[in-house]
Amino acid sequence: MKFIVIGITDNPQPFFPPEVLEIIKNGNVFSGGKRHHEIVASLLPADTEWIDITVPLDAVFKRYHDEVVVFASGDPLFFGFANTLRRVFPDAAITIYPSFNSLQLLAHKMVMPYHDMRIVSLTGRPWPEFDKALIERTEKIGILTDKEHTPAAIAQRMMDYGYTYYNMHVGEHLGNPQLEKVTTLTLEEAAKRDFSMPNCVILASDRHRPKQTIDTEVRNSPSQSDAIPFGIPDANFMLLDGREKMITKMPIRLLSLQALDLPHRHVLWDIGFCTGSISIEARLQFPHLQIEAFEIRPECEAIIQENARRFGAPGINIHMGDFCVCCDSVATYATPDAVFIGGHGGRLKEIMTKVLTVLAPGGIIVMNSVIAPKVTTDSQKLWDEACEEFHLQQEPPLHIQLNDNHPITILKCKR
């Protein structure tokens, strides 16, 4: 198999160098999207075969044979079709004739250097990489969009989580002199607009905008000059019924995250999240993590959502219901390699039984045990029994007392 992949823009009168024109002149089988066919149809030899690239792609690939000339958007190796060809036909010979990709075209129109731009593709992809770029305070983000992840949807998500110090540059139909449009807007303006497809976005932090006034509701909203907060003050969280004891205290929280070894983990399950303090702190400190948060109390759903918005922590997946009863389909969630048990209601063995059906080899489980007169369930005893029964490797417990609060034991085991 041999593929020649030619990148084009949306210009209805494309320019090709002589070498590419010769390839087109002598080609027999061509392929590309419908929009690409419209652009190059007049250049194709008579009686040639055209294969539309449509889903499912398997049906398209079955029609490919011998040598195929493929037209693709922009640079075919930039989140492009040439990457798919390399994966599906690893032994094929592939030659690339690239054009500018859409983000390059937009940067050129803006006369904006883009060597420092972080690229995120939301074309057929979910939000996590974009959320990670926001949490890490990336100053310049180039985004490939689709019909779901539109400029308006992107702007609204950013405002929901307090990332309001960006300007948005939107390029529509780049390369097409009749339809091309470049617009610079605030996020508030972009969230109210409709944009034609195809389009792409560059977000650039607005360093000249005054810092948002800090009050009790938005005191931890992320700002352009702030580093990621290391340890969120307990008083800044929205609490369950205002109860200060229903939150893992900040020093204990940080020690628990350390015990979970999160820099080297991929998926964290937070079982019994309550206010969401563990999930949110983990999301901010380790934005590469996928976080699945579970809670039985229905009122906690609004609390974690409010706290996630307050501290700029998008992308926490929330699951409501009794973990032991309602979460029968835990195997459908991402496989955890780190689990924090924030509450168990005396059913620790049931919870651990379910966790161990999916926990990755070498996975870590951490739980905090409170030593208090009114606590009737001896959590550490239940923990020790469960670890012995399930043959889990325990690490030495860490005993700590914070001010005049009850002593806490941080418990850790590994599969």
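As a convention, each chain's residues are numbered from 1 in the sequence order in which they are written. Only residues with pLDDT of at least 70 get local features here, since the model is predicted, and only at 80 or more are side-chain atom pairs given and counted; chain-wide, interface and lining totals rely on the full set of residues. Calculated side-chain values reflect all of the structure's heavy atoms, with hydrogen atoms and water omitted.

(A) Up close: the overall build of the protein chain. Helical segments are the DSSP runs of H or I of at least four residues, strand segments are the runs of E of at least two, and each set is numbered from the N terminus. Per the secondary structure count, the protein chain includes 13 helices and 18 strands. When the backbone C-alpha atoms are referred to their principal axes, the protein chain occupies close to 85 × 50 × 30 Å. The cut-offs for exposure are 20% and 50% of the maximum accessible area for each residue type, with area from a 1.4 Å probe on protein chains only; residues under the lower value are buried, those over the upper are exposed, and the others partly exposed. Counting all 415 residues of the protein chain, 49% fall into the buried class. By definition in these notes, contact holds between two residues if any of their heavy atoms fall within 4.5 Å. For the protein chain, restricting intrachain contacts to residue pairs at least 6 apart in sequence, the fraction spanning at least 24 positions comes to 67%. A 1.4 Å probe and the Shrake-Rupley method give the accessible areas. Residues count as covered only by the protein chains that appear here. Of the roughly 20,200 Å² of accessible surface on the protein chain, a fraction of 53% belongs to carbon and sulfur atoms. In this tally, Lys and Arg are treated as positive and Asp and Glu as negative; His is ignored, and so are the chain termini. Where a charge lies is defined by one atom per residue type, namely NZ (Lys), CZ (Arg), CG (Asp) and CD (Glu). The distance from the centre of the 40 positive side-chain charges to the centre of the 51 negative ones in the protein chain is 2 Å.

(B) Expanded view of the sheet that holds strand E9 (residues 181-186). We treat two strands as partners when DSSP finds at least two bridges between them. Strand order in the open sheet formed by five strands is E6-E7-E10-E8-E9, and the pairing between neighbours is mixed. Sheet topology places strand E6 (118-121) and E9 at the edges, where each strand pairs with a single neighbour. Each neighbouring strand pair of the sheet contributes to a mean axis angle of 20°, computed without reference to strand direction. The pairing of strand E8 (residues 166-172) with E9 spans six bridges and is classified as antiparallel. Across the sheet, residue Asn167 finds its bridge partner in E9, namely Thr186. The convention used is that axes are lines fitted to C-alpha atoms, helices contributing only their stretch in contact, and that angles between N-to-C directions extend from 0 to 180 degrees.

(C) Main features of the packing of aromatic side chains. Two aromatic rings, drawn from Phe, Tyr or Trp (for Trp, its six-membered ring), form a pair once their centres lie within 6.5 Å of each other, and the interplanar angle then sorts them: stacked below 30 degrees, edge-to-face above 60, tilted otherwise. A full pass over the atoms with the stated rule returns 19 aromatic pairs. Centre to centre, the rings of Phe3 and Tyr64 are 5.5 Å apart; their planes meet at 65°, and the pair counts as edge-to-face. Of the two residues, Phe3 sits in strand E1 (residues 2-8) while Tyr64 sits in the loop between helix H3 (57-61) and strand E4 (67-73), which places them 61 residues apart along the sequence. When sorted by exposure, Phe3 lands in the same class as Tyr64, which is buried. Ring centres of Phe16 and Phe71 lie 6.4 Å apart, and the angle between their planes is 50°; this geometry places the pair in the tilted category. With a gap of 55 residues between them, Phe16 in the loop between E1 and helix H1 (18-25) and Phe71 in strand E4 connect regions that are remote in the sequence. Neither Phe16 nor Phe71 differs from the other in exposure class; each is buried. Aromatic ring contacts, followed pair by pair, group Phe3, Phe61, Tyr64, Phe81 and Phe89 into a single cluster.

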